[in-house]
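# Structural characterization, general
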Amino acid sequence: MSSFSKTARNRVKRLSKRAAYDRAVIYPIVDEALICHVGFVQDGQPLVIPMIHARDGDTLYLHGAKASRLLKHGQSDQPLCITATLLDGIVFARSIFHHSMNYRSAVLFGCGRLVAAEPEKLRALEVLAEHIARGRWRDVRQPSRKELNATSVVAVSIESASAKVRSGPPLDDEEDYALPIWAGVLPLEQRALKAIDDPRLVEGVAVPEYAIHLFRLS
Ligand SMILES: Cc1cc2nc3c(=O)[nH]c(=O)nc-3n(C[C@H](O)[C@H](O)[C@H](O)COP(=O)(O)OP(=O)(O)OC[C@H]3O[C@@H](n4cnc5c(N)ncnc54)[C@H](O)[C@@H]3O)c2cc1C
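Every value quoted in this text rests on a predicted model; they were computed, and no experiment measured them.

Rules used in this analysis
- Residues numbered from 1 in each chain as written.
- Predicted model: local features only at pLDDT ≥ 70, side-chain atom pairs only at ≥ 80, totals over all residues.
- Heavy atoms only, no water.
- Helix = DSSP H or I, 4+ residues; strand = E, 2+ residues; numbered from the N terminus.
- Buried < 20%, exposed > 50% of the residue type's maximum accessible area, 1.4 Å probe, protein only.
- Contact = heavy atoms within 4.5 Å.
- Areas by Shrake-Rupley, 256 points an atom, 1.4 Å probe, with all protein chains shown as cover.
- Lys, Arg positive; Asp, Glu negative; His and termini not counted.
- Charge placed at Lys NZ, Arg CZ, Asp CG, Glu CD.
- Core = buried A, V, L, I, M, F, W, Y, C linked by side-chain atoms within 4.5 Å.

## Observations regarding the overall build of the protein chain
What the protein chain contains, in helices and strands, is five helices and nine strands. From first element to last, N terminus to C terminus, the protein chain shows the α and β order β-α-β-β-β-β-α-β-β-α-α-α-β-β. Out of the 218 residues belonging to the protein chain, those deemed buried represent 36%. Across the protein chain, contacts joining residues at least 24 apart in sequence account for 71% of those joining residues at least 6 apart. Here the protein chain has roughly 13200 Å² of accessible surface; of this, 57% comes from carbon and sulfur atoms. One finds the centroid of the 29 positive side-chain charges in the protein chain at a distance of 4 Å from the centroid of its 25 negative side-chain charges.

## Quick notes on unusual backbone geometry
Of note, D43 is a non-glycine position whose phi angle comes to about 50°, a positive value. The topology assignment puts D43 in the loop between β2 (35-42) and β3 (45-52).

## So, the nonpolar core
Core analysis: the biggest nonpolar cluster contains 27 residues, and I26, V38, L60, L62 and L108 have the highest contact counts within it. Counting residues per element, this core draws most heavily on strand β8 (residues 151-166), which supplies five residues. Here L60 is in contact with V30, H53, A54, R55, I82, L108, V154, A155, V156 and I158, once residues within four sequence places are set aside.

Have a look at this one:
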């Protein structure tokens, strides 16, 4: 099925014309975002923690230190809510009321499980590395057993999701279009600057292609 069902949990209520439930809209947002925010409730306390993520099909992987509270919580089959947000521009309207942002955002729901089997754990770490920079996994030293043991990987099964997307010019009240006030969009983008060599880099090692030309590689 290419779309998530609309339910009380994922149905966008405000400006629902901007909503999408298709994987074809939601997943490119998740894949383009470098980080996500993972929300969960522990002992009645809501927490939202920024994390690196990577998607493989309908699974979202998170990783970190074994001691991480989020990862401990995430492997206990408790509900998680994960958001990814891409900011595309500031929308300046003629009235302050109609100022807005152009954005693409996704909200995912699912429960997590600990990835215990080594083949899946390695696969998840590869997907996470490749999400940051495609080609990085094959360039680096692979994790040692000690490093693997110190790392927890949580797989979140994406059960439900929605996207919301705003694009285009401001939408002012008809009578305000005659006002002599600048209105329009200030586009924003995330871009990488020139790579900086580590001061202890072995002499002669060149910056890889993925750190020169491409920022987002999904
Ligand atoms: C862009 C980005 C990407 C990250 N990616 C990862 C990742 O892939 N894996 C990973 O394990 N960690 C990642 N982190 C760090 C992550 O946000 C947590 O800090 C980390 O998981 C430590 O969790 P903890 O269990 O020690 O703290 P917790 O027990 O989760 O938090 C304890 C308290 O510390 C404070 N706190 C925790 N984290 C932050 C924070 N980031 N900023 C401000 N206050 C905080 C909060 O008040 C929180 O209640 C990332 C952080 C950022 C900003």
